[in-house]
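One letter stands for each residue in the lines below.
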Amino acid sequence: MPLASFDDLCECICELAGIVKPCVVPEGDGARASTMHLRGVAITAVELPSGRGRHAFLTAQLDAPGESDDEAAQGWLALLDANSVLPDVDSPRFSRNPLSGDITMQWPCALPDMSALDAYQRASHMVDVVLHWHRHRSVHPELLSPGRAGASGVVNDADAALDAAWRFRDLYLALCDVLGQPAQPGPPGTQAFSFSLHFEDVEVVVAHLPRLRPHAALVGVPLGLREPGEQANAEAMAMMDANFALAEQPNGAAFCRDPATGELLLRYAYPLDGACGRHCLAQMANLAGFAREWGAALMQPESATRRQIPAHV
């Protein structure tokens with residue numbers, strides 16, 4: 001049975017964890033919050049006025065990435081790498097609160113799509129991540145892999161994967177039609193497929209993984225490689241600050257780093273159900289514009305999070 005309200009979310013987590021439900025307290029700007037302690041880790045559920053009755057967040061605080069500059073740099077990169085592990089519409093992400101400096105794990109929750117067990121598994125999953133981080137200052141990939149906390153895993157059904165590939169191809173053909181450009185010939189397969197578009201000299205890469213993320217296209221702006229150093233560390237912190245604000249946006253947009261290549265990305269997941277070529281293209285253009293503006297602010301990283309976050313990233 002789906003959750004009917006924010007209070008249901010808090011109550012079911014506490015009931016399954018065997019703890020007393022704490023009070024829900026009002027926050028600034030009409031938000032509400034409730035903090036629960038599971039295995040010694042504080043998990044805070046937050047409901048914003050804009051998502052009342054539909055959306056909430058589970059959040060947890062992590063210790064600082066390290067005391068020395070080198071340790072801190074490695075810690076920031078580990079968190080950006082963790083944000084790259086197969087993003088999804090409602091995936092968790094790691095960020096930094098620009099006001100308090102707290103490192104935060106945020107997990108959006110669409111209440112009508114969640115069961116009581118889903119909510120408890122997410123909270124318990126977050127506890128595992130926090131405890132591992134406190135011991136090792138790293139996020140183990142297995143803690144973020146598909147199949148944990150109710151997430152969908154690998155699609156072993158070839159027909160299902162092929163059906164997903166056809167839905168992605170329909171979106172691809174619709175985009176080509178809107179742009180008036182030729183499409184690559186041939187039927188889709190169940191292997192990964194990607195293509196690139198350009199918006200005012202900003203490259204946007206669209207990819208589909210039919211067996212790992214069949215229901216969504218991954219849309220990203222490559223931001224290139226960075227050499228280690230003070231500027232790179234400041235840039236990583238600015239990305240984490242921006243992620244804190246982006247958490248309120250749909251489709252899971254976040255700055256991340258591909259751990260295999262070291263490339264920085266701004267990426268989100270676009271659902272294939274009900275996909276519309278013009279709508280998808282508008283979101284891509286919005287993402288490209290935000291990435292371009294954000295990139296222009298890199299010489300002053302502290303200003304990055306003050307730039308307007310687009311409504312549809």
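Refer to the preceding data block for the structure.
Everything numeric in this text was worked out from a predicted model, so none of it was measured.

Chemist: Residue-level account of the pattern of salt bridges, with values.
Modeler: With the rule as written, the count across this model stands at 11 salt bridges. The partner of glutamate 47 in a salt bridge is arginine 32, with the nearest N and O atoms 3.2 Å apart. Placement of glutamate 47 in strand S3 (residues 41-47) and of arginine 32 in strand S2 (residues 32-38) is noted, with a sequence separation of 15 residues between them. The class of glutamate 47 is buried, set by a relative accessible area of 2%.

Chemist: Go over the packing of aromatic side chains with me, naming the residues and quoting the values.
Modeler: Tallied over the entire structure, the rule returns seven aromatic pairs. With a centroid separation of 5.5 Å and an interplanar angle of 75°, the aromatic rings of tyrosine 172 and phenylalanine 193 are classed as edge-to-face. Taken together, the residues tyrosine 172 in helix H4 (residues 158-179) and phenylalanine 193 in strand S7 (residues 193-199) connect sequence positions 21 residues apart. A network of ring pairs unites the aromatic residues Phe168, Tyr172, Phe193 and Phe195 as a single cluster.

Chemist: Let's hear about the sheet that holds S2: which residues, and what values?
Modeler: The strands making up a sheet associate through hydrogen bonds between their backbones, and the pairing can be parallel or antiparallel. Spatial ordering of the open sheet is given by S1-S2-S3-S4-S6-S5, a layout of six strands whose pairing is antiparallel. One side of each edge strand has no neighbouring strand; the edge strands of this open sheet are strand S1 (25-26) and strand S5 (93-96). This element, helix H1 (residues 6-17), spans S2, S3 and strand S4 (55-62) of the sheet and lies at about 10° to S2. Helix H3 (residues 116-136) contacts S2, S3, S4, S5 and strand S6 (103-110) of the sheet and is inclined by roughly 20° relative to S4.

Chemist: Lay out the nonpolar core in plain terms, naming residues and giving numbers.
Modeler: The biggest cluster of nonpolar side chains holds 75 residues, and the ones touching the most others in it are Leu9, Ile13, Leu58, Leu79, Phe94, Phe255 and Met284. Sorting elements by how many residues they give to this core places helix H6 (residues 277-296) first, with eight residues. Dropping the residues within four chain positions of it, phenylalanine 255 is found in contact with Leu80, Asn83, Leu223, Met239, Ala242, Asn243, Leu246, Leu265, Leu266, Phe290 and Trp294.

Chemist: Kindly report on the side chain of serine 95, identifying the contributing residues and their values.
Modeler: Structurally, the position occupied by serine 95 is in strand S5. The class for serine 95 is buried, based on a relative accessible area of 0%. Look past the residues within four positions of serine 95 in its chain and what remains in contact with it is Asp102, Ile103, Thr104, Gln106, Met240, Asn243 and Phe244.

Chemist: Run through unusual backbone geometry, naming residues and quoting values.
Modeler: The backbone of arginine 39 sits at a positive phi, close to 50°, despite the residue not being glycine. Along the chain, arginine 39 turns up in the loop between S2 and S3. Here the phi dihedral of arginine 137 falls at roughly 50°; this positive angle occurs in a residue that is not glycine. Turning to its location among the elements, arginine 137 is positioned in the loop between H3 and H4. Exposure remark for arginine 137: the relative accessible area of 30% places this residue in the partly exposed category.

Definitions and cut-offs
- Residues numbered from 1 in each chain as written.
- Predicted model: local features only at pLDDT ≥ 70, side-chain atom pairs only at ≥ 80, totals over all residues.
- Heavy atoms only, no water.
- Salt bridge = Lys/Arg side-chain N within 4 Å of Asp/Glu carboxyl O.
- Helix = DSSP H or I, 4+ residues; strand = E, 2+ residues; numbered from the N terminus.
- Buried < 20%, exposed > 50% of the residue type's maximum accessible area, 1.4 Å probe, protein only.
- Phe/Tyr/Trp six-rings, centres within 6.5 Å; stacked < 30°, edge-to-face > 60°.
- Pairing = 2+ DSSP bridges.
- Contact = heavy atoms within 4.5 Å.
- Axes fitted to C-alpha atoms, helices over the stretch in contact; angles between N-to-C directions.
- Core = buried A, V, L, I, M, F, W, Y, C linked by side-chain atoms within 4.5 Å.

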